[in-house]
Amino acid sequence: MKLILLGPPGVGKGTQAARLKKHFKIIHLSTGEILRGEMANSSSVGIQARQYIDAGNLVPDEILLKMMNNRLREKDCAGGYILDGFPRTIPQAEGLQILLDEINHELNAVISITANQDELVRRLVLRAKDSGRSDDTESVIQERQRVYWDQTAPLIHFYKEKNILKSVDGLGAIQDITDRILGVV
Ligand code: ADP
């Protein structure tokens, strides 16, 4: 099973990815987590990424594409994965498509999880209290939402045209949302 989870910050992609990972016994690749790991290690990718992440902006496409190009070619990806936080721009989606064709991987579905914006900001502000993330301040949270609508939301149309988009309502109990996702894949 090869899935992309798409949705604004705070919609619960990480929570649902953890459950789908168990259900399908596949790996969960969160580019946010990978980048935070790179920053913690002060690797060259981490050092380059920090200024963008702390401002709530996207890390440049070339960095993400190179990182995911290496990652998706690794052996543990052959059995399936959930991409969480990637692709986040049209050029990333196009780059991913070229890569998947090269390695003969086919996506089963792109799940777009939806929720209203006020609820998302409320959730993120609550989460910020104990997340320890340097990008979880109210002004950066607002900026991350803006960037989502501006740069990532166009992917909904991109994948709809490829006939692999499935939309799922992200409001409600965690298990209900998991069931909705399992119902569409
Ligand atoms: P959230 O979805 O809660 O905003 P993530 O953990 O997915 O957070 O990502 C945190 C930050 O990492 C983003 O705001 C962005 O700066 C960077 N990032 C993660 N994935 C990508 C990506 N595919 N392209 C560019 N930047 C990314």
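To be clear, the structure that these remarks concern was listed above.
The structure displayed is predicted, hence computed values, not measured ones.

Participant: Teacher, can you tell me more about the environment of N57 here?
Facilitator: Within the secondary structure, N57 is located in the loop between α3 (44-55) and α4 (61-72). With 87 residues separating them along the chain, N57 and R144 place their C-alpha atoms 6.7 Å apart. When sequence neighbours within four positions are dropped, the list of residues in contact with N57 reads Y52, E143 and V147.

Participant: Please clarify how the site of the ligand should be interpreted in this entry.
Facilitator: Of all residues adjacent to the ligand, which total 19 residues, the nearest are T31, R36, N57, G85 and Q92. Residue N57 places a main-chain N or O atom 2.6 Å away from an oxygen atom belonging to the ligand. With the chains in place, 96% of the 550 Å² that the ligand exposes on its own is no longer accessible. Mapping the ligand onto the cavity grids shows that it belongs to the largest pocket. Per-element accounting of the shell around the ligand gives the leading share, four residues, to helix α2 (residues 31-40).

Participant: Could you clarify how one ought to interpret the packing of aromatic side chains in this entry?
Facilitator: What characterises a pair of aromatic rings is the spacing of the ring centres plus the angle enclosed by the ring planes. A full pass over the atoms with the stated rule returns two aromatic pairs. For the ring pair Y148 and W149, a centre distance of 4.9 Å and an interplane angle of 85° mean the geometry is edge-to-face. Looking at Y148, the relative accessible area reads 4%, which means it is buried. Take W149: its relative accessible area is 42%, and that puts it in the partly exposed class. For the ring pair F158 and Y159, a centre distance of 5.0 Å and an interplane angle of 85° mean the geometry is edge-to-face. Both residues of the pair, F158 and Y159, belong to the buried class.

Participant: Would you mind going over the layout of surface pockets with me for this structure?
Facilitator: Taking a probe equal in size to a water molecule and rolling it over the atoms shows the remaining empty space. The computed volume of the largest pocket comes to approximately 920 Å³. If you go around the largest pocket, you meet 43 residues; those closest to its centre are P9, K13, R88, R127 and R133. For the lining of the largest pocket, the elements supplying multiple residues, two or more each, are β1 (2-6), α1 (13-24), β2 (27-30), α2, α6 (117-131), α7 (138-152) and α9 (174-184). Top element by residues in the lining of the largest pocket is α2. It accounts for five residues. Residue classes in the lining of the largest pocket are distributed as 16 nonpolar, 17 polar and ten charged. Its volume calculated, the second largest pocket comes out at about 150 Å³. In this structure, the second largest pocket is lined by E38, V45, Q48, I63, K66, M67 and N70. Of all the secondary structure elements, the ones that give two or more residues to the lining of the second largest pocket are α3 and α4. With four residues, the single largest contributor to the lining of the second largest pocket is α4. Each residue belonging to the lining of the second largest pocket can be placed in one class, and the counts come to three nonpolar, two polar and two charged.

Participant: Explain the pattern of salt bridges to me, please; I cannot follow it from the model alone.
Facilitator: Once their charged atoms are close, side chains differing in charge can pair, the charge on each being opposite to the other. For the structure shown, the criterion picks out eleven salt bridges. Salt-bridge contacts for R146 lead to E143; the nearest nitrogen and oxygen are separated by 2.9 Å. With R146 and E143 both in helix α7 and three residues apart, the pair spans about one turn of that helix. The class for R146 is partly exposed, based on a relative accessible area of 45%.

Rules used throughout
Residues numbered from 1 in each chain as written. Predicted model: local features only at pLDDT ≥ 70, side-chain atom pairs only at ≥ 80, totals over all residues. Heavy atoms only, no water. Helix = DSSP H or I, 4+ residues; strand = E, 2+ residues; numbered from the N terminus. Contact = heavy atoms within 4.5 Å. Near = heavy atom within 4 Å. Polar contact = N/O pair within 3.5 Å; in protein donor to acceptor, adjacent residues only side chain to side chain. Areas by Shrake-Rupley, 256 points an atom, 1.4 Å probe, with all protein chains shown as cover. 1 Å grid on protein atoms, 1.4 Å probe; cavity = no way out; pocket = protein on both sides within 12 Å on 5 of 7 lines; lining within 4 Å. Sits in = over half its atoms within 2 Å of the grid points. Phe/Tyr/Trp six-rings, centres within 6.5 Å; stacked < 30°, edge-to-face > 60°. Buried < 20%, exposed > 50% of the residue type's maximum accessible area, 1.4 Å probe, protein only. Points joined across faces, edges and corners; volume = space filled by probe spheres on them. Nonpolar A, V, L, I, M, F, W, Y, C, P; charged D, E, K, R; others polar. Salt bridge = Lys/Arg side-chain N within 4 Å of Asp/Glu carboxyl O.

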